[in-house]
Amino acid sequence: MPQPHVISSNFMYRALLTCLLFAVSVESFTQNNPLFEESKVEIVPININTDESEFGPFLIGKSFYYTSSQERKIGVISMESATNHQMLDLYSGIVTDSIRINKVKPLNDDINTPLNQGGCFFDKYTSKLFYTTDIECAAASQKYKLAIFSAELINNQFAASKPELVLPDTFSAAHPVIFNGKLYFSANILGGKGKTDIYVAEKIGENWGNFTNCSYLNSEENEFFPFVINENEIYFSSNRSGGLGKLDLYKYTKDGNNYIIQNAGTPLNSEYDDFAIY
């Protein structure tokens, strides 16, 4: 499972990881009509949580992937000077039941560099793991920015990673999700609706292009971590006005020409950052 430009290398949000399975429907957009009935939702920490940060879970069969700043016992160990915490890495494990993950290990050092990696999505149609990583920025005013890379899964091993989307100048792209061959992501591109918006891009040859701002999701503030069930049902996080805390979880639902954006409410949202639902 990286604020001058919102999604910088020091802003890969830190939070405890929880896993929830749910089926829901919504009727209206109001903070007083939450997405879930609080009495019917139980939040249970799973066994991989540490004193550091775990977030961004993703499941491929029984293989469980997530982001953590836990101390690595082997391989590249790198500390982030701004927080005095270890850099974020991607980890995997095997699901044994609803709250237990075993055989946890960091992904290979081609994916986990000495900088931050976090927030991944596996596209079963291309067998690629898409993820966010820090890269060096050529601009003198900024040392690092975020970009989207991928690594193909071949014979249960991830091949060498490669860049998928690197924006020009100091602009960052993060939080990738693939749906119907399109790339949904967060970016702080000039001319957006807010500070950081959610965009969708099409594959053109070997590159991603035809960026479209998902204005129906975005506000004047920040939108991150899209998760697309289908084009009519999208979850994301935002610190827009009217929320319960800092970043809150929201659900977008479209029915014909009408759409609803609903705050997930408590207990999913709190006074802190809540994000990266799967």
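As a reminder, the structure under discussion sits directly above these lines.
Small disclaimer: the values here were computed from a predicted structure and weren't measured.

### Focus: the sheet that holds strand β13 (residues 182-187)
At step 1: Read from one edge to the other, the open sheet built from four strands follows the order β12-β13-β14-β15, with strand pairing classed as antiparallel. Here the strands that pair on one side only, and so sit at the sheet edges, are β12 (173-179) and β15 (207-213). On average, adjacent strands in this sheet sit at an angle of 30 degrees to one another, irrespective of strand direction.
At step 2: One ladder, built from five bridges, connects β12 with β13; its direction is antiparallel. Bridge assignment links Ala-174 to a residue of β13, and that residue is Ser-186.

### Observations regarding the sheet that holds strand β6 (residues 100-106)
Backbone-to-backbone hydrogen bonds join strands into a sheet, with any given pair of strands oriented parallel or antiparallel.
At step 1: Here we have four strands laid out as an open sheet, ordered β1-β2-β5-β6, and antiparallel in their pairing. Edge positions in the sheet fall to β1 (54-60) and β6, since each of these pairs with one other strand and no more. Each neighbouring strand pair of the sheet contributes to a mean axis angle of 30 degrees, computed without reference to strand direction.
At step 2: One ladder, built from five bridges, connects strand β5 (residues 89-97) with β6; its direction is antiparallel. In the sheet register, Asp-97 faces β6, and the bridge partner there is Arg-100.

Calculation criteria
- Residues numbered from 1 in each chain as written.
- Predicted model: local features only at pLDDT ≥ 70, side-chain atom pairs only at ≥ 80, totals over all residues.
- Heavy atoms only, no water.
- Pairing = 2+ DSSP bridges.
- Helix = DSSP H or I, 4+ residues; strand = E, 2+ residues; numbered from the N terminus.
- Axes fitted to C-alpha atoms, helices over the stretch in contact; angles between N-to-C directions.

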